[in-house]
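Chain residues, written in single-letter form:
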Number of protein chains: 2
Amino acid sequence: MKKVKIALLGLGNVGRGVWKILNSNKEEIMKRSGYEVEVAKILVRDKNKERGFEVPKEILTTSFNDIIEDDSIKIVIEVIGGIEPAREYMLEAMKRKKHIVTANKMLLATGGDELFERADKEGVMFLYEASVAGGIPIINGINESLTANKVERLYGIVNGTTNYILTKMDQDGLDFNDVLKEAQEKGYAEADPTSDIEGYDSQYKLAILSSLAFGTKIRVQDVYREGITKIESIDIEYAKEFKKVIKLLAVVKDNYGSLDLRVHPTMISETHPLANVNDAFNAVLIRGNAVGDLMFYGKGAGDLPTGSAVVSDIVSILRNNIDIYNLNPVVKNNLWEKEFYDINEIDSKYYIRLTVEDKVGVLGEITSIFGDMNVSLRSVIQKGLEIKNENKVTLVLVTHICKEGNVRKALEKVAKLDSLYKINNLIRMEDFE
Amino acid sequence: MKKVKIALLGLGNVGRGVWKILNSNKEEIMKRSGYEVEVAKILVRDKNKERGFEVPKEILTTSFNDIIEDDSIKIVIEVIGGIEPAREYMLEAMKRKKHIVTANKMLLATGGDELFERADKEGVMFLYEASVAGGIPIINGINESLTANKVERLYGIVNGTTNYILTKMDQDGLDFNDVLKEAQEKGYAEADPTSDIEGYDSQYKLAILSSLAFGTKIRVQDVYREGITKIESIDIEYAKEFKKVIKLLAVVKDNYGSLDLRVHPTMISETHPLANVNDAFNAVLIRGNAVGDLMFYGKGAGDLPTGSAVVSDIVSILRNNIDIYNLNPVVKNNLWEKEFYDINEIDSKYYIRLTVEDKVGVLGEITSIFGDMNVSLRSVIQKGLEIKNENKVTLVLVTHICKEGNVRKALEKVAKLDSLYKINNLIRMEDFE
Ligand SMILES: NC(=O)c1ccc[n+]([C@@H]2O[C@H](COP(=O)([O-])OP(=O)(O)OC[C@H]3O[C@@H](n4cnc5c(N)ncnc54)[C@H](OP(=O)(O)O)[C@@H]3O)[C@@H](O)[C@H]2O)c1
Ligand SMILES: NC(=O)c1ccc[n+]([C@@H]2O[C@H](COP(=O)([O-])OP(=O)(O)OC[C@H]3O[C@@H](n4cnc5c(N)ncnc54)[C@H](OP(=O)(O)O)[C@@H]3O)[C@@H](O)[C@H]2O)c1
């Protein structure tokens with residue numbers, strides 16, 4: 001049996017998963033890759049930290065030089081996270097002709113170009129299956145299996161924390177803040193949850209996925225982003241009334257070369273396969289012009305699922321015999337040039353919730369503003385949800401397909417009405433057509 | 001741009017899909033593979049058949065020799081189907097150092113060994129993504145993405161015809177025979193539907209998938225098989241009462257090295273992701289010891305979805321520069337030795353429907369037979385579904401987990417009771433635990 005030495009940078013959640021899999025599934029990996037994999041070094045900040053599982057002290061190191069200068073180490077696994085020093089370490093390791101596997105979506109989405117170029121220049125492989133949707137092999141799916149297709153659409157539930165929160169709000173009728181607190185206590189949400197709940201994490205992932213699917217470089221700022229913090233129980237109740245559920249959806253649609261890229265809470269039919277993606281599960285649905293709708297579903301985070309993706313990348317490198325160079329997937333160059341939509345230009349249906357004064361004429365005033373802006377309303381609901389003991393009433397509008405810019409202009413006018421108390425929410429509705 | 005010539009054997013459903021995709025997505029395929037693909041020859045039985053789409057007459061041929069003797073043809077796509085002449089043609093083409101792509105599940109499941117061995121010997125690639133679940137990249141998923149896992153379970157809805165029939169029976173309350181007739185009229189079922197409705201097609205596919213997932217050669221006869229012809233509306237009604245749906249499930253479970261392989265109608269919870277796989281859609285759920293539950297969902301048949309899988313195999317061959325040999329996936333040899341379960345040895349829950357005489361004591365007689373055989377009953381139902389104007393009553397038993405052999409022995413005794421009219425059905429129930 002051939003042997004190969006690798007090194008891990010980081011031994012947190014993902015590092016632990018990789019370590020455990022390489023040990024417990026040693027035989028599988030040997031038979032499938034042709035190599036016995038030895039973890040020669042692991043970079044950490046604190047060698048003496050209690051880690052709750054067994055790892056030989058002598059392979060832990062706090063010095064990156066120990067790794068970079070060891071020519072017997074052929075593959076470096078970056079699972080530190082963040083921009084620096086992860087970026088610098090990977091660039092250095094590539095210079096030393098080491099292949100790289102990473103799970104770092106933030107770095108890929110914001111500074112991926114530099115890494116791809118360097119990998120190309122040095123002739124090393126650079127793989128990142130774990131960076132999007134944890135254990136789901138979506139990167140490989142796009143790069144290897146959808147090669148015969150023009151991708152037309154991609155819809156993803158790619159953030160486990162927000163999906164857990166929305167599922168709990170839906171199932172237990174709880175409010176956002178209560179569920180967030182519970183999720184933090186249970187370890188499903190970080191102490192600082194901003195990146196998840198404000199949609200940044202999904203934005204990174206959509207930038208990576210759509211770069212691959214459309215063969216064009218997509219920057220984070222090309223993706224419109226809204227988080228889930230404005231979703232209230234009442235919106236979920238209304239969604240139920242419409243036989244819909246609310247998901248934080250990452251969406252990209254190619255309309256004749258213009259890409260409509262966005263991350264926002266979205267109402268979808270409760271019978272659509274994506275509606276049953278619950279708790280911390282993730283899913284990505286891709287529509288290709290040949291294959292039709294294809295969905296990948298699985299665990300988007302966690303030590304072992306994410307480790308599974310990292311180790312599959314290690315096996316891919318080993319199967320290429322670690323000495324064959326220049327086999328990186330197709331992201332590095334633009335295959336196609338694309339335009340990007342401004343959010344005002346997109347077409348969608350909208351759910352709009354307002355609080356208004358409970359008096360004659362308000363409804364007419366508001367609906368005529370939408371009419372003037374060419375926003376045609378499918379339904380206007382004002383039942384059962386009046387705000388008690390106040391002269392206020394909840395109004396829910398659902399539009400037909402229209403331009404978001406027109407909806408926004410209408411809402412600007414509505415905002416100026418004396419009879420308006422609050423524009424509570426605007427949620428886009430998706431029919432997957 | 002480099003050019004490559006290929007040939008199609010067959011221009012039926014799948015052949016048409018491949019032809020259409022190679023034309024309509026030419027640019028995508030060129031950019032992703034680095035090659036301009038030219039279909040130099042297409043083998044058919046009848047050159048003059050009206051095909052309903054454009055294909056230049058001069059590339060059609062009825063002589064396989066035209067193809068085999070043309071050294072400029074590097075890849076041969078077998079989409080004739082059946083055993084002969086498909087088998088012989090592929091073996092011949094391999095001898096001439098042509099790479100092969102096939103969609104032929106029947107041949108792979110029954111005579112795959114010979115083809116893999118020959119491909120290996122000749123140093124050509126032999127790919128078959130389209131053979132299972134049409135457009136769903138499940139072969140690549142197992143071979144390339146699950147490499148870090150011990151596969152523990154695999155559950156598949158892999159036959160579109162039966163899933164369409166069961167969906168219609170469920171949604172429209174129709175009887176099996178009526179739906180089958182309708183499906184045949186609409187082209188969703190073949191004139192001779194035996195292979196689909198008796199589960200043979202699923203059996204082939206399970207043999208292929210589990211060979212890959214477990215790295216061991218699995219023959220068709222190792223897979224227990226039952227079709228859907230015995231499912232009646234009343235069973236579907238009872239399933240609904242239990243909040244379950246009935247699916248023709250292909251199942252394999254690895255119990256410490258013994259494989260429990262079977263295809264049969266199965267009751268599953270209506271909230272499980274597989275329960276929402278409706279109409280002609282397919283899905284495969286795999287449980288890996290690292291990744292957890294991973295599901296692939298999409299179109300399992302049809303010209304373009306199946307063509308999409310075939311063309312992705314062509315791209316894989318081209319990316320290997322068509323001259324690098326010996327890169328076939330891992331099926332060819334046993335990586336592990338496995339035992340196989342006899343159906344009597346499996347553990348499951350069961351739904352059993354009986355028609356019995358409506359008289360005092362029958363219930364006790366029957367339940368005590370099951371008790372004697374160590375089959376513990378979870379519920380016994382006898383309500384609302386009496387057979388009108390006769391002294392008969394429907395009895396539905398649901399068991400706890402038990403050995404199938406014991407259930408069968410109990411049913412043999414029940415069959416001998418004077419008070420029994422008929423054992424109508426036995427359906428296994430799956431909790432995915
Ligand atoms: N967690 C998931 O489920 C998941 C899923 C997909 C992708 N990812 C990505 O995977 C990466 C790692 O995530 P994680 O959850 O495993 O992070 P984590 O639990 O915070 O672990 C980070 C590890 O890196 C080490 N580290 C941090 N800074 C370092 C430095 N300057 N020098 C040396 N070592 C340093 C830490 O050392 P000490 O142990 O000594 O503190 C720790 O072992 C991130 O890019 C993340 O986005 C994570
Ligand atoms: N249909 C699907 O959705 C699907 C999905 C997955 C896999 N598959 C597999 O794909 C394969 C093809 O299926 P299909 O549905 O495309 O079959 P099909 O529609 O029956 O087409 C068969 C084609 O092969 C040609 N052919 C048959 N016997 C021949 C012979 N002896 N010599 C030369 N040509 C011959 C026929 O020629 P003529 O046109 O001249 O009659 C026809 O073009 C099968 O293995 C099937 O299991 C099919």
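Under an unreviewed UniProt entry, chain A has the name Homoserine dehydrogenase and belongs to Clostridium gallinarum. Quoted verbatim from the Cofactor (unreviewed entry) field of UniProt, the annotation for chain A is "a metal cation". The UniProt entry for chain A carries this comment under Sequence similarities (unreviewed entry): "Belongs to the homoserine dehydrogenase family."

Helix and strand counts for chain A come out as 14 helices and 18 strands. Against the globule reference of 22 Å for 433 residues, chain A gives a C-alpha radius of gyration of 24 Å, in line with a compact fold. Projected onto the principal axes, the alpha-carbon positions of chain A cover approximately 80 × 45 × 35 Å. Residues counted as buried form 59% of the 433 residues belonging to chain A.

Residues and elements named next belong to chain A. The local shell around ligand 1 holds 22 residues, among which L11, V14, K49, R51 and G302 are the closest. Within the contact set of ligand 1, an oxygen atom lies 2.7 Å away from a backbone nitrogen or oxygen of L11. At 3.0 Å from an oxygen atom of ligand 1 is found a main-chain nitrogen or oxygen belonging to G12. Computed on the free molecule, ligand 1 has an accessible area of 900 Å², of which 79% lies beneath the protein chains in the complex. Of the residues belonging to the shell around ligand 1, the class tally is 10 nonpolar, seven polar and five charged.

It helps to recall that an α-helix has 3.6 residues per turn; residues three or four apart then point in one direction. All names here are of chain B. If you check which residues of helix α13 (residues 362-372) are buried, you get V362, I366, I369 and F370. Down the axis of α13, the buried side of the element spans an arc of 95°, and every buried residue falls inside it. N374 sits one or two positions beyond α13 and adopts a positive phi of about 65°.

Here a ring pair, both rings aromatic, is described through the centre-centre distance and the interplanar angle of the planes. Using the criterion set out here, one finds 21 aromatic pairs over all chains in the structure. Between F64 of chain B and Y89 of chain B, the ring centres sit 4.0 Å apart and the planes meet at 15°, which makes this aromatic pair stacked. Taken together, the residues span a long stretch of sequence, with F64 of chain B in helix α3 (residues 64-68) and Y89 of chain B in helix α4 (residues 86-95) at a distance of 25 residues. We note that F64 of chain B, like Y89 of chain B, is buried. Cluster of aromatic residues (ring-pair linked, three or more members): F116, F126 and Y128 of chain A. Of note, K20 of chain B hangs over the ring of F53 of chain B, and the distance from its end group to the ring centre comes to 5.9 Å. Note that K392 of chain B overlies the ring of Y421 of chain B, its terminal NZ or CZ placed 4.7 Å from the centroid.

This paragraph deals with the pattern of salt bridges. Pairs can form between side chains of opposite charge once their charged atoms are near each other. One pass over the structure, following the stated rule, counts 43 salt bridges over all chains. One continuous salt-bridge network, built from bridges that share partners, spans E226, E404, R408 and R428 of chain A.

This next bit is on the sheet that holds strand β2 (residues 35-43) of chain A. Residue and element names in this part refer to chain A. The strand order across the open sheet built from six strands is β3-β2-β1-β4-β5-β6, with neighbouring strands paired in parallel fashion. Each having just a single partner strand, β3 (60-61) and β6 (126-127) make up the two edges of the open sheet. Where strand β1 (residues 2-9) and strand β4 (residues 73-78) come together, five bridges link them in parallel fashion. Paired with L8 across the strands is I77, a residue of β4. In the packing of helix α1 (residues 13-24) onto the sheet, the strands contacted are β1 and β2, and the crossing angle to β2 comes to about 150°. Most of the contacts of helix α4 (residues 86-95) go to strand β5 (residues 99-102), to which it runs at about 155°, and overall it touches β1, β2, β4, β5 and β6.

Residues and elements named next belong to chain B. Near ligand 2 there are 22 residues, and of these L11, V14, K49, R51 and G302 occur at the shortest range. Within the backbone of N13, a nitrogen or oxygen atom sits 3.0 Å from an oxygen atom of ligand 2. In this structure, an oxygen atom belonging to ligand 2 sits 3.0 Å away from a main-chain N or O atom of D46. For ligand 2, whose unbound accessible area comes to 910 Å², protein coverage reaches 79%. For the shell around ligand 2, the per-class residue count stands at 10 nonpolar, seven polar and five charged.

Further remarks concern the interface of chain A and chain B. Residue-level contacts link 46 residues of chain A with 46 residues of chain B. Summing both sides of the interface, chain A and chain B together bury roughly 4,400 Å²; the carbon and sulfur share of this comes to 51%. Together, R32, T147 and W336 of chain A form the three largest contributors to the area buried by chain A at its contact with chain B, with a combined 16%. Along the contact surface separating chain A from chain B lie two salt bridges. The partner of R319 of chain B in a salt bridge is E144 of chain A, with the nearest N and O atoms 3.6 Å apart. Along the contact surface separating chain A from chain B lie 16 residue pairs in polar contact (both at pLDDT 80 or more). Secondary-structure elements contributing two or more residues to the side of chain A that touches chain B are α1, α2 (26-33), α6 (138-145), α10 (200-214), β12 (292-299) and α12 (303-319) of chain A. No other element matches the eight residues that β12 of chain A contributes to the side of chain A that touches chain B. Residue composition of the side of chain A that touches chain B, by class: 23 nonpolar, 14 polar and nine charged. Where β12 of chain A lies against strand β12 (residues 292-299) of chain B, three bridges are found, and the strand directions are antiparallel. Counterpart to M295 of chain A in the pairing with β12 of chain B is Y297 of chain B.

The next subject is the nonpolar core. Among the nonpolar cores identified, the biggest contains 164 residues, and I138 of chain A together with I138 of chain B are the most heavily contacted of them. Setting aside chain neighbours within four positions, we find I138 of chain A in contact with E129, V132, A133, L209, V284, I286 and F296 of chain A.

Moving on, we come to the side chain of D222 of chain B. Mapped onto the elements of the fold, D222 of chain B is located in the loop between α10 (200-214) and β8 (224-225). Non-local contacts of D222 of chain B, meaning those with residues more than four positions away in its chain, are made with K217, L261 and F340 of chain B.

This next bit is on empty space enclosed by the protein. In the structure shown here, the tally under the stated rule is five cavities of 30 Å³ or more. If you add up the space inside the largest cavity, you get close to 60 Å³. In terms of lining residues, the largest cavity is bounded by P273, N276, V277, M295 and Y297 of chain A together with P273, N276, V277, M295 and Y297 of chain B. Secondary-structure elements contributing two or more residues to the lining of the largest cavity are β12 of chain A together with β12 of chain B. By residue class, the composition of the lining of the largest cavity is eight nonpolar, two polar and no charged. In terms of lining, the second largest cavity is formed by S145, L146, V291 and L294 of chain A together with E129, G135, I136, P137, S308, A309 and S312 of chain B. Across the lining of the second largest cavity, the residue classes tally to six nonpolar, four polar and one charged.

Looking now at the relation of the copies chain A and chain B. Superposing chain A onto chain B takes a rotation of 180° combined with a translation of 0.0 Å along the rotation axis, leaving an RMSD of 0.0 Å. The transformation relating the two chain copies, once decomposed into turn and shift, fits a two-fold axis. Using C-alpha coordinates, one finds that chain A approaches the rotation axis most closely at F296 of chain A, a distance of 2.4 Å. A share of 100% of interface residues in chain A that are also interface residues in chain B marks the association as one of identical surfaces.

All names here are of chain A. Contact geometry for α4 and helix α5 (residues 105-122): axes closest at 9 Å, N-to-C directions at 10°. By the criterion of interaxial angle, the relationship of α4 to α5 is roughly parallel. Mapping the contact onto sequence places A86, R87, M90, L91, M94 and K95 in α4 and L107, E114, L115, R118, A119 and E122 in α5. The residue makeup of the contact of α4 with α5, split by class, is seven nonpolar, no polar and five charged.

All names here are of chain B. Spatially, the six strands line up as an open sheet ordered β3-β2-β1-β4-β5-β6, and their pairing is parallel. Among the strands making up the open sheet, the edge pair consists of β3 (60-61) and β6 (126-127). Helix α12 (residues 303-319) contacts β1 (2-9), β2 (35-43), β4 (73-78), β5 (99-102) and β6 of the sheet and is inclined by roughly 160° relative to β5.

Here is what the cut-offs are and how they apply
Residues numbered from 1 in each chain as written. Chains lettered and ligands numbered in written order. Predicted model: local features only at pLDDT ≥ 70, side-chain atom pairs only at ≥ 80, totals over all residues. Heavy atoms only, no water. UniProt positions renumbered as here; feature names shortened; annotations may be inferred. Helix = DSSP H or I, 4+ residues; strand = E, 2+ residues; numbered from the N terminus. Rg over C-alpha atoms; globule rule 2.2 N^0.38 Å. Buried < 20%, exposed > 50% of the residue type's maximum accessible area, 1.4 Å probe, protein only. Near = heavy atom within 4 Å. Polar contact = N/O pair within 3.5 Å; in protein donor to acceptor, adjacent residues only side chain to side chain. Areas by Shrake-Rupley, 256 points an atom, 1.4 Å probe, with all protein chains shown as cover. Nonpolar A, V, L, I, M, F, W, Y, C, P; charged D, E, K, R; others polar. Arc of directions from axis to C-beta. Phe/Tyr/Trp six-rings, centres within 6.5 Å; stacked < 30°, edge-to-face > 60°. Lys NZ or Arg CZ within 6 Å of the ring centre and 35° of its normal. Salt bridge = Lys/Arg side-chain N within 4 Å of Asp/Glu carboxyl O. Pairing = 2+ DSSP bridges. Contact = heavy atoms within 4.5 Å. Axes fitted to C-alpha atoms, helices over the stretch in contact; angles between N-to-C directions. Buried area = accessible area lost by both parts, 1.4 Å probe. Core = buried A, V, L, I, M, F, W, Y, C linked by side-chain atoms within 4.5 Å. 1 Å grid on protein atoms, 1.4 Å probe; cavity = no way out; pocket = protein on both sides within 12 Å on 5 of 7 lines; lining within 4 Å. Points joined across faces, edges and corners; volume = space filled by probe spheres on them. Least-squares fit on C-alpha atoms with pLDDT ≥ 70 in both. Parallel < 35°, antiparallel > 145°, perpendicular 65-115°, else oblique.

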